[in-house]
Amino acid sequence: MITPPGSTIGIVGGGQLGRMLARAASHMGYKTHIYTPEKDSPASHVATKTTVGAYQDTAELRAFGQSVDIVTFEFENIPAETLEMLDYLVSVRPKPGVLFTTRHRLREKEFITAQGIKTAPFAAVHNETELHAAVKKLGVPCVLKTTELGYDGKGQVVIREASEAVKAWAQLGKTECVLEGFISFSAEASVIVARSTTGEMRCYPLVENQHRDHILHRTIAPAPFIDTYQEQAVHIAKTLAEALDVVGLLAVELFVTPDGLIVNELAPRPHNSGHWTIEGSPTSQFEQHIRAICGWALGDTRARSQCEMINLLGDEWQQWEHYAKQPQAHVHLYGKTESRPGRKMGHVTIVKG
Ligand SMILES: Nc1ncnc2c1ncn2[C@@H]1O[C@H](COP(=O)(O)OP(=O)(O)O)[C@@H](O)[C@H]1O
Ligand SMILES: [Mg+2]
């Protein structure tokens, strides 16, 4: 099951996660080939090769699939048919079925609860009757989310009064949604587990995530509350990774509550809250993902020291000069030419002591 160094790893998606995956793969002796619809993508700057093509372009996809030894992906919203077609030609890791579950908030929550793991209480919304029934069942405040395509707080609305429900659903385009009970958490956290082709699993330490406008602003690694919750976090992450049969990384976003951890959502890929591992752990999450999908032994996941990761969103990327003067700060910029409010342009990891 080992994909030997020297092979070419195909990466679907050309963002910063693909860029950092390609860098890790390169230092491990692999070539990389990016498939993305975006011209001049962050990943294309560092990959061995890039194909710019649409996810529906079967001819381009076939040529890509035939030219690589293994395929992985760096984001969730790839059409299911694209990965299924690639999986027919070459081994896709993790398997497309993993994305089928995790990209759809309703399927995801049903899957998690079926493993005996807690999520926010939820109900499906396909029409107004279901919407009213769901609000009645879960009470206010509650959060209405589209089942698909949401990220960084997009595709969700908080409902504070039952009378706002119809307007909230209209705001989301009256598409299939999931209504969630509002969790009054004391903090948000995440844990990343890696699972290799052999079934070996390793977890990184639990980290605390602080959001601004629903976008990750800062990660504190390890989390200040790690001693209380690490064991439960590891249990949750390993149970879900095994049940999903993930090969690669699985990031688990969590709410910390007085009754323990509640799962918010899953991502079967490197995660923004794991960027601290590049400098803060013996094995970065990107190297670990490549190790897992290529069948290597997994690397050490300890935290070498206390770290803080700060996202540089929109024009904040210009702060690079300020951070560059600090000896403990490691500046990462993603090579994006256009800065938009909230766009992830780079990050800084401060390694403390
Ligand atoms: N059920 C909930 N209760 C309380 N806060 C929530 C709930 N769902 C989401 N949030 C808040 O919104 C943020 C983004 O929601 P999330 O479901 O993680 O979507 P995204 O895909 O945009 O990250 C969460 O990190 C959390 O701060
Ligand atoms: Mg989230």
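For the structure, check the block above.
The structure displayed is predicted, hence computed values, not measured ones.

1. Here's the deal with the sheet that holds strand E8 (residues 177-181)
At step 1: Here four strands make up an open sheet; going across it, the order is E5-E8-E6-E7 and the pairing antiparallel. Of all the strands in the sheet, the pair left with one neighbour each is strand E5 (122-125) and strand E7 (156-159). For this sheet, the mean angle separating the axes of adjacent strands, direction not counted, is 25°.
At step 2: By the bridge criterion, four bridges tie E5 to E8 in an arrangement that is antiparallel. Bridge assignment links Val125 to a residue of E8, and that residue is Cys177.
At step 3: Here helix H6 (residues 128-138) sits on the sheet in contact with E5, strand E6 (142-146) and E8, set at roughly 170° to E5.

2. A word on a nonpolar patch on the surface
At step 1: Among the surface-exposed residues, Trp320, Val331 and Leu333 lie close enough to one another that they form a single nonpolar patch of about 220 Å² accessible area.
At step 2: Tracing the chain through its elements places Trp320 in helix H11 (residues 320-324).

3. Regarding helix H3 (residues 80-89)
At step 1: Residues Thr82, Leu83, Met85 and Leu86 constitute the buried set of H3. Along H3, the residues classed as buried sweep out an arc of 160° about the axis, all on the same side. Projecting away from the buried face of H3 at angles above 90 degrees are the exposed residues Glu81 and Tyr88.
At step 2: Where the residues of H3 are buried, they touch strand E1 (8-12), helix H2 (58-67), strand E4 (70-73) and helix H4 (96-102).

The rules behind each value
- Residues numbered from 1 in each chain as written.
- Chains lettered and ligands numbered in written order.
- Predicted model: local features only at pLDDT ≥ 70, side-chain atom pairs only at ≥ 80, totals over all residues.
- Heavy atoms only, no water.
- Pairing = 2+ DSSP bridges.
- Helix = DSSP H or I, 4+ residues; strand = E, 2+ residues; numbered from the N terminus.
- Axes fitted to C-alpha atoms, helices over the stretch in contact; angles between N-to-C directions.
- Contact = heavy atoms within 4.5 Å.
- Patch = residues over 30% accessible without salt bridge, like charges linked within 9 Å, V, L, I, M, F, W, Y side chains within 5 Å.
- Areas by Shrake-Rupley, 256 points an atom, 1.4 Å probe, with all protein chains shown as cover.
- Salt bridge = Lys/Arg side-chain N within 4 Å of Asp/Glu carboxyl O.
- Buried < 20%, exposed > 50% of the residue type's maximum accessible area, 1.4 Å probe, protein only.
- Arc of directions from axis to C-beta.

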